[in-house]
Amino acid sequence: MQTAPSSFDPRDFRRALGTFATGVTIVTARAQDGTPVGITANSFNSVSLQPPMVLWSLANTARTREVFSTSSHWNVHILSNAQEQLSNRFARAGEDKFAGLALDESAFGAPLLRGCSARFECRSAFQYEGGDHTIFVGEVVAYDSCALPPLLYLTGEYALASRKAAPVSTEPQADLAGASYSEDLLGYLLGRAHFQFMHHLRPALQAYQLSDADFFVLSLLSVRSPLSQADLAAHLSYTGVHFDAALCQTMLARQLLAAAPDAAGQAGPWQISAHGRQAIAAVLALATQAEEALVARLGEIEAAALRNLLKHLILATDPGLPKLWRSPSAP
Ligand SMILES: Cc1cc2nc3c(=O)[nH]c(=O)nc-3n(C[C@H](O)[C@H](O)[C@H](O)COP(=O)(O)O)c2cc1C
């Protein structure tokens, strides 16, 4: 335990404080000449329910300090998951932070930003000295909120919230000398989640007699088409499906695939046939339904956290696959 405040290493102290997860807010006000000001702040906290009060603290060195100190009102915006760029913009000095932003009307003049998880319009009630910061306490005079997942800040990085999950199974574990599956084994969780989701697609797969290999090939071609046999094989290599001449011929014979219009000969490139398109549309319709039901059950916040973790996992385990989706700026 560090006990002599005068010798605290500031970076280490900040790092220790950063273990306290917070949301991210932008606090706005309007200068007397009408100029809007705003700052990213994670020092926000609730104070009182009756009367409704909140607080946040501002560095005494902030350029906006004078405006906040003299404003009768300010607005706190709890940023949503999609507002990381906005947070960065309001954390940088020296640019017009409001350029191009659509604002809502606020009864007391301070700018009201859009797309936030919640917004609080506050009357500035008290200001306290807090070391190198000033603590602002405000009385909430109006607020709104919506289901957008909030952005979090933890250990100096943006993060997403996820509730603690209930145990998957309550069965006692058999003692198989280290060979038993535990429910915390990532491989088990991923595999089970995958198969439980795929289970919802099986009726459409069966109706069109699609194997998992057919499904993978058609899904791939519905994102990127046409593809040569070698490209298809490269994209699918990690699934355990070998897109070889035999699989290609079978899919052609079953009229799931067709040669692209400018195909040079028997070697492709290949695209989805009309029948294949019908089959994949039926599977995707069930997948969309299953996803909607899943998101309704998890809630938007969990769903956003799940997407985020799965993206981490995909990047961390990527065997170097060719890119599937073109970046929006690519020709
Ligand atoms: C996630 C995050 C949280 C922040 N929280 C605060 C805060 O609570 N108080 C503060 O004074 N600055 C905070 N900052 C830094 C300010 O946003 C930054 O210094 C800003 O440029 C100040 O604006 P100004 O100099 O235009 O007033 C935070 C920055 C980030 C990225």
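Along each chain, numbering runs from 1 in the same order as the chain's sequence is written. Totals for whole chains, interfaces and linings use all residues, but because this is a predicted model, local features are given only for residues with pLDDT of at least 70 and pairs of side-chain atoms are given and counted only at 80 or more. Water and hydrogen atoms play no part in the side-chain values, which are based on all heavy atoms of the structure.

**Considering the environment of Glu 129**
Going along the chain from the N terminus, every DSSP run of H or I of four or more residues is numbered as a helix, and every run of E of two or more is numbered as a strand. Here Glu 129 lies in strand β9 (residues 118–130). Note on exposure labels: buried denotes an accessible area under 20% of the residue type's maximum, exposed denotes more than 50%, and partly exposed covers the range between, all computed with a 1.4 Å probe on protein chains only. Residue class for Glu 129 comes out exposed when judged on its relative accessible area of 78%. Along the chain, Glu 129 and Asn 60 lie 69 residues apart, while their C-alpha atoms are 9.5 Å from each other.

**Some points on the packing of aromatic side chains**
Pairing of aromatic rings covers Phe, Tyr and Trp, the last through its six-membered ring, and needs centres within 6.5 Å; plane angles under 30 degrees mean stacked, over 60 mean edge-to-face, and all others mean tilted. With the rule as written, the count across this model stands at 11 aromatic pairs. Judged by centre distance (5.1 Å) and plane angle (90°), the ring pair of Phe 90 and Phe 98 falls under edge-to-face. Of the two residues examined, Phe 90 and Phe 98, each falls in the buried class.

**A short note on the layout of surface pockets**
Grid points spaced at 1 Å over the protein atoms alone were grouped into cavities, where a 1.4 Å probe fits but cannot get out, and pockets, open sets with protein on both sides within 12 Å along at least five of seven lines, with lining residues defined by an atom within 4 Å of a point. Grid points are joined across faces, edges and corners, and a volume is the space filled by probe spheres set on the points. A volume near 1,300 Å³ is recorded for the second largest pocket. Around the second largest pocket, the lining comprises 37 residues; the ones closest to its centre are Arg 14, Asn 42, Ser 43, His 133 and Tyr 153. Every element with two or more residues in the lining of the second largest pocket is listed here: α1 (10–17), β3 (36–41), β5 (53–59) and α3 (84–90). Here the nonpolar group is Ala, Val, Leu, Ile, Met, Phe, Trp, Tyr, Cys and Pro; Asp, Glu, Lys and Arg are the charged ones; every other residue, Gly included, is treated as polar. Taken together, the residues of the lining of the second largest pocket sort by class into 16 nonpolar, 15 polar and 6 charged.

**Quick word on a nonpolar patch on the surface**
Candidate patch residues must exceed 30% relative accessible area and have no salt bridge, after which like charges are joined if within 9 Å and Val, Leu, Ile, Met, Phe, Trp or Tyr side chains if within 5 Å. Only the protein chains shown count as cover for residues, and the accessible areas themselves come from Shrake-Rupley with a 1.4 Å probe. Each salt bridge in this description consists of a side-chain nitrogen of Lys or Arg and a carboxyl oxygen of Asp or Glu lying within 4 Å of one another. A cluster of nonpolar residues, Val 168, Leu 186, Leu 189, Leu 190, Leu 294, Leu 306, Leu 310 and Ile 314, forms a patch on the protein surface that exposes about 650 Å² of accessible area. Secondary structure elements with two or more residues in the nonpolar patch: α4 (186–198) and α10 (300–317). Counting through the fold element by element, Leu 310 comes out in helix α10. Taking relative accessible area as the criterion, Leu 310 reaches 36% and is therefore assigned partly exposed.

**Some points on the domain arrangement of the protein chain**
Domains are outlined according to an automatic or database domain assignment. Domain assignment breaks the protein chain into domain 1 (17–160) and domain 2 (186–317). Distance from the C-alpha centre of domain 1 to the C-alpha centre of domain 2: 44 Å. Taken together, the contact between domain 1 and domain 2 spans 5 residues of the former and 5 residues of the latter. By buried area we mean the combined loss of accessible area, with a 1.4 Å probe, across both parts when two parts are placed together. Roughly 370 Å² is buried in total at the junction of domain 1 and domain 2, and carbon and sulfur atoms are behind 82% of that figure. N or O atoms closer than or at 3.5 Å make up a polar contact, with two conditions inside protein: a donor-capable atom paired with an acceptor-capable one, and, for residues adjacent in sequence, both atoms drawn from side chains. The interface formed by domain 1 and domain 2 includes 0 residue pairs in polar contact (both at pLDDT 80 or more). Broken down by class, the residue content of the side of domain 1 that touches domain 2 amounts to 4 nonpolar, 1 polar and no charged. Should any heavy atoms of two residues lie within 4.5 Å, those residues are considered in contact.

**Overview of the side chain of Thr 40**
As for its placement among the helices and strands, Thr 40 is situated in strand β3. At 3.3 Å, the side chain of Thr 40 forms a polar contact with the backbone nitrogen of Ala 91. Once you skip the residues sitting within four places of it in the chain, Thr 40 turns out to touch Val 24, Thr 25, Ile 26, Leu 86, Ser 87, Phe 90 and Ala 91.

**Looking at the packing of helix α6 (residues 212–223) against helix α9 (residues 274–298)**
Relative orientation of the contacting elements α6 and α9 amounts to 95°, with a least axis distance of 10 Å. One way to sum up the angle between α6 and α9 is to call them roughly perpendicular. Note on element contacts: α9 touches α6 through Gly 276, Ile 280 and Val 283, opposite Phe 215, Leu 218, Ser 219 and Ser 222. All axes here are fitted lines through C-alpha atoms, helices being fitted over the stretch that makes contact, and every angle between N-to-C directions spans 0 to 180 degrees. Under this scheme an angle from 65 to 115 degrees is roughly perpendicular, one under 35 degrees roughly parallel, and one over 145 degrees roughly antiparallel; angles in between are oblique.

**A short note on the environment of Gln 289**
As for its position among the elements, Gln 289 is in helix α9. Between the C-alpha atom of Gln 289 and that of Gly 240, which follows or precedes it by 49 residues, the distance is 27 Å.

**So, the pattern of salt bridges**
For the structure shown, the criterion picks out 8 salt bridges. Across the pair Arg 15 and Asp 12 runs a salt bridge, and its minimum N-O distance is 3.1 Å. With Arg 15 and Asp 12 both in helix α1 and 3 residues apart, this pair spans about one turn of that helix. Of the charged contacts, one joins Glu 139 and Arg 123 as a salt bridge, the two residues approaching to 2.9 Å between their closest N and O atoms. Remark: Arg 123 occurs in strand β9 and Glu 139 occurs in strand β10 (residues 133–145); sequence separation between them is 16 residues. A residue is classified by how much of its surface remains accessible, and Glu 139, at 24% relative accessible area, is partly exposed.

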